[in-house]
Amino acid sequence: MLKYKQLSFLDEPVVTVEDDWTFNGASTRELTHCYHDYPARMIPQVASKLIEMYGENAKLLFDPYCGSGTSLVEGMLRGIDVIGTDLNPLARLIAEAEVTFPDLFTLDNSIKQFNDFVLRSQPIKLDKPPVINGISNIEFWFKPLVIEKLLRLKVFIDTIEDDAVRLFFKVAFSETIRESSNTRNDEFKLYRYEQSKLKIFNPNVFYIMFSKLKRNRLGLEKYVEKMLELKDFPEAKVYGFNSVEEMPSEVFGKRLADIVVTSPPYGDSHTTVAYGQYSRLSAAWLGLEEPDKIDRKLMGGQSLKKIPVFPSDSLNETINIIRQKDHKRAQEVASFYSELQQSITKVAKVIKHGGYACYVVGNRKVKGTVLPTDVVIRDFFSVEGFEYITTHHRLIPNKRMPLRNSPTNASGVLDDTMTQEYIVVMRKGFGNIAADRKLGYRVSARKKKGKITPRKVKSARDMKKKKGIIYKQMRKRKKI
Ligand SMILES: C[S@@+](CC[C@H](N)C(=O)[O-])C[C@H]1O[C@@H](n2cnc3c(N)ncnc32)[C@H](O)[C@@H]1O
């Protein structure tokens, strides 16, 4: 049995881990999870285990920071309707692709056409480099031969008529862009290769694209096969609203989430875990909105002038320590937690009584002080009437970005706090069912058993229709 002392320095008990959350050696790129890399991705095994443990009979899963859509894919695999949101348009594109089922026959036709195109298409003559909004110096990031090939690919993808197939190609194109750019591929931030590497760097753009399509096609096929085992086909929706602000009313309607499975940002999007920087080149080529402004929009992207008092002694204490060393850094930290608290207030409202919030977090360091995000999440949810269930600990075997980045941003210095993850599980109390009913939510609570029966949202006809489409795809696939 493993025993890890909680790194938050506060009065929390030592948490004993009896079950393994490390999943050392497990493949994290199965099914549509293989489509695209993403900074600080949750591993599917964690999402899956959380849903298994806390999502029994769940009908709706919500991820307020869905990133590449890991928990959405896992929710769907269990027949649960899923809703995700993310402010980063590239994250939304990936998440949407991962939960979309293009017709396999149509997809295979497009892949065949792509192969013909690679053999037959002629180079485009470029007098000057093309203008790609969001990349000011395109030749700094891409070699001329690469630019020409990416342009041809883009033209090809734009001719694909089927929306789901085009989305599938766009995701493969996005990774192709990153891999054929001059940016170091083992980093999430944008760092250009050094001259010696650049001299010998000659990526085969079409081959990269082809291998992404092939890999993703296999992942999709396996996902479709698994989905066919389900009795009812679930629904997935990916939005771009800010989870710090009030949830748009049309998103949930009168439904409430049974379970939230999420990993919020670390609060250092503009420095260390730069989602926007990671996405910028692809987002620009794909014509997504404001590719160079993402990181500032994300939680904690703007600094607060006045540091508030939080309903968390641990947090107030920590911010005070940082303030004594660096007032500006303390303001930045406070702004992140202020938005996290606002977000938790909003998320709490859309979880039904008896429902669970599972937050996967890392406790990063600022100015040598550990930010006890796990305890803070617990405190913030407690204010909203949630009961603390447990904190699962996870050693991260090979988390790419945080391991490589230091608390001081000095390259090569490791932050040992980031080699662990905390999975905080909170449960919404049963106190206010009457209030929910007043608001119009359909909650028929069986309080004693701790279960709430959600309303049925889709008509049987809708379900049949959806399943029919998938079956049709499979039949066609088998004929190939
Ligand atoms: C740790 S990542 C989520 C990774 C995801 N679980 C996955 O497996 O890919 C956090 C995400 O939160 C998003 N984000 C940050 N602030 C946000 C906000 N205010 N509203 C919605 N999404 C936000 C970021 O764009 C990023 O994709």
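The structure presented is a predicted model; accordingly, all values stated were derived computationally and were not measured. (Residues numbered from 1 in each chain as written. Predicted model: local features only at pLDDT ≥ 70, side-chain atom pairs only at ≥ 80, totals over all residues.)

J.: Describe in detail the overall build of the chain, supporting the description with residues and values.
T.: Helix and strand content of the chain: 18 helices and 13 strands. Relative to its full complement of 480 residues, the chain shows a buried share of 44%. Across the chain, every contact between residues at least 6 apart in sequence was considered, and the portion connecting residues at least 24 apart equals 77%. (Helix = DSSP H or I, 4+ residues; strand = E, 2+ residues; numbered from the N terminus. Buried ≥ 20, exposed ≤ 12 C-beta atoms within 10 Å, placed from the backbone. Contact = placed C-beta atoms within 7 Å.)

J.: Give me the lowdown on the environment of Phe188, citing residues and values where you can.
T.: Turning to its location among the elements, Phe188 is positioned in the loop between α7 (163-180) and α8 (195-200). C-alpha separation for the pair Phe188 and Pro39, spaced 149 residues apart in sequence, amounts to 6.4 Å.

J.: Can you explain the nonpolar core? Please cite residues and give values.
T.: Counting 113 residues, the largest nonpolar core has Leu61, Ile259, Ala357 and Cys358 as its most contacted members. If you tally residues by element for this core, the top one is helix α14 (residues 327-349), at 8 residues. (Core = buried A, V, L, I, M, F, W, Y, C linked by C-beta atoms within 7 Å.)

J.: Give a description of the site of the ligand that names residues and reports values.
T.: If you check the shell around the ligand, you find 22 residues, and the closest are Tyr65, Gly67, Ser68, Thr70 and Asn88. Taken together, the residues that form the shell around the ligand break down as 12 nonpolar, 8 polar and 2 charged. (Near = placed C-beta within 6 Å. Nonpolar A, V, L, I, M, F, W, Y, C, P; charged D, E, K, R; others polar.)

J.: Give me the sheet that holds strand β5 (residues 236-239): which residues, what numbers.
T.: In spatial order, the strands read β5-β4-β3-β6-β7-β11-β10; together these 7 strands make up an open sheet with mixed pairing. The open sheet is flanked by β5 and β10 (386-395), the only strands paired with a single partner. With strand direction ignored, the average angle separating the axes of adjacent strands in the sheet is 15 degrees. When strand β3 (residues 60-63) meets strand β6 (residues 257-262), the two strands line up parallel, connected through 2 bridges. Counterpart to Phe62 in the pairing with β6 is Val260. Running at roughly 10 degrees to strand β11 (residues 420-428), helix α15 (residues 373-383) makes contact with β7 (351-361), β10 and β11 of the sheet. (Pairing = 2+ DSSP bridges. Axes fitted to C-alpha atoms, helices over the stretch in contact; angles between N-to-C directions.)

J.: Can you lay out the packing of helix α3 (residues 89-98) against helix α11 (residues 275-285) for me, pointing to particular residues and giving the numbers?
T.: For the pair α3 and α11, the least separation of the axes is 8 Å and the interaxial angle reads 75 degrees. In terms of orientation, α3 lies roughly perpendicular with respect to α11. Side by side, α3 and α11 meet where Pro89, Leu90 and Ala91 of the first sit next to Tyr275, Ser279, Ser282 and Ala283 of the second. (Parallel < 35°, antiparallel > 145°, perpendicular 65-115°, else oblique.)

J.: Tell me about α11, residues and numbers included.
T.: Burial analysis of α11 places 11 of its 11 residues in the buried class, the great majority of the element. Among the residues of α11, Tyr275, Gly276, Gln277, Tyr278, Ser279, Arg280, Leu281, Ser282, Ala283, Ala284 and Trp285 are the ones counted as buried. Where α11 is buried, its residues contact α3, α5 (138-141), α6 (144-158), α7 and α12 (294-297). Taken from the residues just after α11, Gly287 is the one with a positive phi, measuring 75 degrees.

Remember, this is a structural readout, not a statement about activity or role.
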